[in-house]
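Examination of the molecular architecture
Below are the chains, spelled out letter by letter.
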Amino acid sequence: MRQRSVIIRILTVIGLSTGALGSPNFILILTDDQSYVGSSALMDPQNPETKSDYYQTPQIERLMSMGMRFTQGYAPAPFCCPTRRSIQVGQTPARHLYQKDRDTWTQQYSEQLNIPRMLKQANPEYQTAHFGKWDHRFDDITPQSQGYDFSNGYTSNRTGGGKGSGGPADSDDPKLMHHITQESIAFMSKQATNQTPFFLQISHYAVHLDIFYHQKTLEKTKTWKTGRRHRAPEFAAMTYDVDKTIGEILDAVSDLKLADSTYIFFLSDNGGRNDLPKTLRGTLPRNHPLRDGKGSMYEGGIRVPFAIVGPDIPKESLSRVPVTGLDIFPTMAQLANYSKPLPKNIDGGNLLPVLRNGAGNVERDNPFLIFHHAVDRKAQSAIRLGDFKLVKTWNGKKLELFDLSKDLSEKRNLSAANPDKT
């Protein structure tokens, strides 16, 4: 283990990836419904409004300082389930969700290449685990059937105290965040002892409704100065509690001497909710300066906190390149030295060129980012290409074009003035 760490440090100095060693570890931390401005981490240093004006999340700040934060990080979808599927296979939900007109859509999704299968093909020694919210829905696909060695089985919102189960209320283990964290640390400890490479996905139920927290944390958040957007001490308490467990994961990586061989990905599964029932409301929208929130193809629904930490990623670095959760799978494949060509229907791309210095292009088959949902959702699509973003609301065939470099809040519809671009 010590010899491996020395080799990794040498490679880091000369600017190479630990993928050259073949089998780095991967940790994916996925929060639920956490807004782009839902933490105290400033997502864009040029815009002071891109952090919460109330919540305190020192561990997310710590994580982002350890590597690269992305000012334009996107979830694959504005809802929980489609994002969770998409991360596993690197595909937009338009390929695998709600495709009820395709007789074999469930079978196709369940059998295709995903993160666990890819890693085990790269190196059969990889051990894989998923703890927390799985929430694939519709067809009872389980983590075990998708190749995970360890998991909590099929879990959903209700498993962790989801919407409809009560709250706001105090709890000994709010949203099962401590149980998930302890399982994750035990898994990492075992792999460190056995010196086996691993992939661990930690999928928190927080900060999805309903709101649960430690009573002592609530007493603390009630003393904080509230903001114009964020004013609910109960939600602030839940946010602070889950943030603390993220710090425990970072501590474990350090204590187990895994930092030199481990990449950590952090993002939310979609944007924040527009409202919180039974709590104080602010004078500004909760996701300001972004437009709208969860469920929408506007920035408030899909732009999320996003960061990557790794042994060869510059600390305190920042990238303005648009990236997405779809990019995680192909980036892991590159780092793990997966030798086969990835499937043609992968929509994500390799982030390594960007991770070196924050600039460059993501190697995707298509130059744009595409978002879409329909069937039992309000049919809406979005395409992001360069600074421009097109939103189509299918009811009424409404088209809106925005220049995000000048209009983060998507207030100025440029479609009439730019018909060719539209």
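It should be noted that the structure appears before, not after, this text.
Predicted model only: the values in this text are computed from it and were never measured.

This paragraph deals with the packing of aromatic side chains. Counted according to the given criterion, the structure contains 14 aromatic pairs. A ring pair is formed by tyrosine 54 and tryptophan 224, whose centres lie 6.0 Å apart and whose planes are at 80°; its orientation type is edge-to-face. Here tryptophan 224 lies in the loop between α7 (215-221) and α8 (233-255) and tyrosine 54 lies in the loop between β1 (25-31) and α2 (58-65), a separation of 170 residues in the sequence. The buried category is assigned to tyrosine 54, whose relative accessible area is 4%. Using a relative accessible area of 13% as the deciding quantity, one classes tryptophan 224 as buried. Relative to phenylalanine 371, the ring of tyrosine 74 has its centre 5.7 Å away and its plane inclined at 50°; by these criteria the two rings are tilted.

Before going further, it helps to examine the sheet that holds strand β10 (residues 306-309). Taken in spatial order, the eight strands make up an open sheet running β5-β4-β7-β1-β9-β10-β2-β11, and their pairing is mixed. Each having just a single partner strand, β5 (150-151) and β11 (317-319) make up the two edges of the open sheet. The strands touched by helix α10 (residues 328-335) within the sheet are β1, β7 (198-203) and β9 (262-268), with β9 carrying the most contacts at an inclination of about 175°.

Attention shifts here to α8. The terminal C-alpha atoms of α8 lie 33 Å apart, and with 23 residues this matches the ideal 33 Å at 1.5 Å per residue to within 8%. The buried fraction of α8 is high, at 18 of 23 residues.

Before going further, it helps to spend a moment on the sheet that holds strand β16 (residues 398-403). Spatially, four strands are ordered β13-β14-β15-β16 in an open sheet, and the strand pairing comes out antiparallel. This sheet does not close on itself; its edge strands, each paired only once, are β13 (369-373) and β16. Neighbour-to-neighbour, the strand axes of the sheet open up by a mean angle of 10°, direction not taken into account. In this structure, strand β15 (residues 388-393) lies alongside β16, joined through six bridges in antiparallel fashion. Its bridge partner being in β16, threonine 393 is matched across the sheet by lysine 398.

What follows concerns the packing of helix α6 (residues 177-194) against α8. In a packed pair of helices, the relevant descriptors are the angle between the two axes and the axis-to-axis distance. Remark: α6 packs on α8, axes separated minimally by 10 Å, with the N-to-C direction vectors making an angle of 10°. Taken together, the axes of α6 and α8 are roughly parallel relative to one another. On the side of α6, the interface is formed by Met177, His178, Thr181, Gln182, Ser184, Ile185 and Met188, while α8 contributes Met238, Asp241, Val242, Thr245, Glu248, Ile249, Ala252 and Val253. Residue composition of the contact of α6 with α8, grouped by class: eight nonpolar, five polar and two charged.

Turning our attention to the pattern of salt bridges. In the structure shown here, the tally under the stated rule is 19 salt bridges. Close ionic contact of arginine 273 with aspartate 275 constitutes a salt bridge, the shortest N to O distance being 3.4 Å. Accessibility expressed as a relative area gives 33% for aspartate 275, which makes it partly exposed. A salt bridge links glutamate 299 to lysine 389; the nearest nitrogen and oxygen atoms lie 2.7 Å apart. Placement of glutamate 299 in helix α9 (residues 299-302) and of lysine 389 in strand β15 is noted, with a sequence separation of 90 residues between them. Judged by its relative accessible area of 0%, glutamate 299 falls in the buried class. Within the structure, one salt-bridge network assembled from shared partners comprises Asp32, Arg84, Lys133, Asp135, Arg137 and Asp269.

Right, let's talk about helix α3 (residues 80-89) for a bit. Within α3, ten of the ten residues are buried, leaving the element largely enclosed by the surrounding structure. Within α3, the full set of buried residues consists of Cys80, Cys81, Pro82, Thr83, Arg84, Arg85, Ser86, Ile87, Gln88 and Val89. Elements that come into contact with the buried residues of α3 comprise β1, α4 (105-111), α5 (115-122), β7 and α10. Following α3 by one or two positions, glycine 90 has its phi on the positive side, about 70°.

Rules used throughout
- Residues numbered from 1 in each chain as written.
- Predicted model: local features only at pLDDT ≥ 70, side-chain atom pairs only at ≥ 80, totals over all residues.
- Heavy atoms only, no water.
- Phe/Tyr/Trp six-rings, centres within 6.5 Å; stacked < 30°, edge-to-face > 60°.
- Helix = DSSP H or I, 4+ residues; strand = E, 2+ residues; numbered from the N terminus.
- Buried < 20%, exposed > 50% of the residue type's maximum accessible area, 1.4 Å probe, protein only.
- Pairing = 2+ DSSP bridges.
- Contact = heavy atoms within 4.5 Å.
- Axes fitted to C-alpha atoms, helices over the stretch in contact; angles between N-to-C directions.
- Expected span 1.5 Å × (residues − 1).
- Parallel < 35°, antiparallel > 145°, perpendicular 65-115°, else oblique.
- Nonpolar A, V, L, I, M, F, W, Y, C, P; charged D, E, K, R; others polar.
- Salt bridge = Lys/Arg side-chain N within 4 Å of Asp/Glu carboxyl O.

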